[in-house]
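Residue strings, one per chain:
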Amino acid sequence: AALAAAFAVHYALPATGVWIFIAAMLIGLVPIARRAVMAALAGSPFSIEMLMTTAAVGAVIIGAGEEAATVVFLFLVGELLEGMAAGKARSSIQALATLVPKTALVEENGSTREVPAESLAVGAMILVRPGDRISADGEITEGDSAIDESPVSGESVPVRKSAGDTVFAGTINGDGMLRIKVTAAAADNTIARVVRLVEEAQESKAPTERFIDRFSRWYMPAVVAIALLVAVVPPLFLGGGWSEWIYKGLALLLIGCPCALVISVPAAIAASLSAGARRGLLMKGGAVLEGLGRITAVAFDKTGTLTEGRPRVTDIVAVGASEREVMLLAAALA
């Protein structure tokens, strides 16, 4: 908005010169410069933010305020896109937590009461009605039912379970009432662990990211040194003009800064994790994504993973009644 306003004001009032662009540039540069100072105090003086700050200030010094404002604007757009991608990835992963119901039916002294699922303690006894989502990891003590585990494991076919079998939070009880003994608190159930693992994977660096970090640690100081030499050596020893060579040094500083390289990799990884989560694929970070890129063949050991996993009626074979009557009876039983 500041950059657009600067262009509009400069078009209407050309006498403002570069000052209006310097004002617009400062609006965007202040947060960048703040991060540059914090990084320098933390022991990383050659950060992207420091290079951007140096180049923008230098551009203003040589009278290129319009260029300085535009470069700062483009840098902020790149950061905005990275932040949006990371935010979408986080929200997609956190959406997994909604698989676990908010409440549970606890059985105490022969009676039941509804309590928040997050308050369930290990050893508590809960009742799960047919069609309900199971609210905690646990062990069936009474009952028999088909459990739809597709939200957690991806297995499309319901699994028949009875007393002594384990069940997971977020799975769906099929056709029978179950009495379940809780074996894990809400913070340690299967869904919570999956969410935690994927979030930790996002924080870990992929091989490409680690390479770029090592590369930039040597590359950025080299670019700064070369830009300084370009700006100083010709005027001092070859009779060049200071203004012209300082401008060239700053141009080299801006062009040589690997902003796109350093920003694009985290943004691409975050966007990929987000896209996978929306499609039900939980990938543990950039290392997995890079591994996927090298795959040339995939072997599947069962057909369920290749289908939608939603059973449907394909044929009605009526015996001693019409098809309509068979459907009516089946609907009544369901």
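None of the values given here were measured: they were computed from a predicted structure.

Attention now goes to the overall build of the protein chain. On a plain count of helices and strands, the protein chain comes out with 11 helices and 9 strands. Counting over 334 residues, the protein chain shows a buried share of 31%. A separation threshold of at least 6 residues defines the contact pool for the protein chain, and within that pool the share at least 24 residues apart is 64%. For the protein chain, the computed accessible surface area is about 19800 Å², with 64% contributed by carbon and sulfur atoms.

Relative to strand S2 (residues 111–116), strand S1 (residues 103–108) is paired through 6 bridges, and the arrangement is antiparallel. Paired with leucine 105 across the bridge in S2 is glutamate 114. Joining the antiparallel neighbours S1 and S2 is a turn of 2 residues, in which asparagine 109 adopts a positive phi near 55 degrees.

Looking now at the sheet that holds strand S6 (residues 159–162). Taken in spatial order, the 3 strands line up as S6-S5-S8 in an open sheet, and their pairing is antiparallel. On the outer flanks of this sheet lie S6 and strand S8 (172–173), each paired with one strand and no other. One ladder, built from 2 bridges, connects strand S5 (residues 144–148) with S8; its direction is antiparallel. The residue bridging aspartate 148 from the neighbouring strand is isoleucine 172, located in S8.

Evaluated as defined, the whole model comprises 8 salt bridges. Note that arginine 129 and aspartate 132 form a salt bridge whose closest N and O atoms lie 2.9 Å from each other. We classify arginine 129 as partly exposed; its relative accessible area is 41%. Note on aspartate 132: relative accessible area 25%, which makes it partly exposed.

On the surface, Leu229, Val233, Leu236, Phe237, Leu238, Trp242 and Ile246 cluster together into a nonpolar patch covering about 730 Å² of accessible area. If you list the elements that add at least two residues to the nonpolar patch, you get helix H7 (207–237) and helix H8 (242–256). With respect to the helices and strands, the residue leucine 236 is situated in helix H7.

Our next topic: the pairing of strand S3 (residues 125–128). Bridge count for S1 against S3 is 2 bridges, and the pairing is antiparallel. Residue pairing for S3: valine 106 is matched across the bridge by isoleucine 126.

Quick look at the nonpolar core now. Judged by nonpolar contacts, the single largest core of 23 residues is most densely connected at Met25, Leu29, Ile32, Val72 and Leu253. Elements with a minimum of two residues in this core: helix H1 (2–12), helix H2 (19–41), helix H3 (48–61), helix H4 (65–94), H7 and H8. Contact partners of methionine 25, with chain neighbours within four places excluded, come to Ala56, Val60, Ala68, Ala69 and Val72.

Our next topic: the packing of H3 against H8. Between H3 and H8, the least distance of the axes is 9 Å, while the angle of their chain directions is 150 degrees. By the angle between their axes, H3 is roughly antiparallel relative to H8. When the axes of H3 and H8 are compared, the crossing they make is left-handed. Counting all contacts with H3, which are made through Leu51, Met52, Thr54, Ala55, Gly58 and Ala59, the residues of H8 involved are Leu250, Leu253 and Leu254. A breakdown of the residues in the contact of H3 with H8 according to their chemical character gives 7 nonpolar, 2 polar and no charged.

A few words now on the environment of glutamate 49. By the secondary structure assignment, glutamate 49 is in helix H3. Sequence separation of glutamate 49 and arginine 35 is 14 residues, and the distance between their C-alpha atoms is 6.6 Å.

With respect to the element layout, glutamate 149 can be found in the loop between S5 and helix H5 (150–153). The buried category is assigned to glutamate 149, whose relative accessible area is 9%.

Right, let's get into the packing of H1 against H2. With their axes 9 Å apart at the nearest point, H1 and H2 run at an angle of 175 degrees to one another. With respect to H2, the element H1 is oriented roughly antiparallel. Contact residues: Ala2, Leu3, Ala6, Phe7, Val9 and His10 in H1; Ile20, Phe21, Ala24 and Ile27 in H2. By residue class, the composition of the contact of H1 with H2 is 9 nonpolar, 1 polar and no charged.

Rules used throughout
Residues numbered from 1 in each chain as written. Predicted model: local features only at pLDDT ≥ 70, side-chain atom pairs only at ≥ 80, totals over all residues. Heavy atoms only, no water. Helix = DSSP H or I, 4+ residues; strand = E, 2+ residues; numbered from the N terminus. Buried < 20%, exposed > 50% of the residue type's maximum accessible area, 1.4 Å probe, protein only. Contact = heavy atoms within 4.5 Å. Areas by Shrake-Rupley, 256 points an atom, 1.4 Å probe, with all protein chains shown as cover. Pairing = 2+ DSSP bridges. Salt bridge = Lys/Arg side-chain N within 4 Å of Asp/Glu carboxyl O. Patch = residues over 30% accessible without salt bridge, like charges linked within 9 Å, V, L, I, M, F, W, Y side chains within 5 Å. Core = buried A, V, L, I, M, F, W, Y, C linked by side-chain atoms within 4.5 Å. Axes fitted to C-alpha atoms, helices over the stretch in contact; angles between N-to-C directions. Parallel < 35°, antiparallel > 145°, perpendicular 65-115°, else oblique. Left-handed = near helix turned anticlockwise from the far one by under 90°. Nonpolar A, V, L, I, M, F, W, Y, C, P; charged D, E, K, R; others polar.

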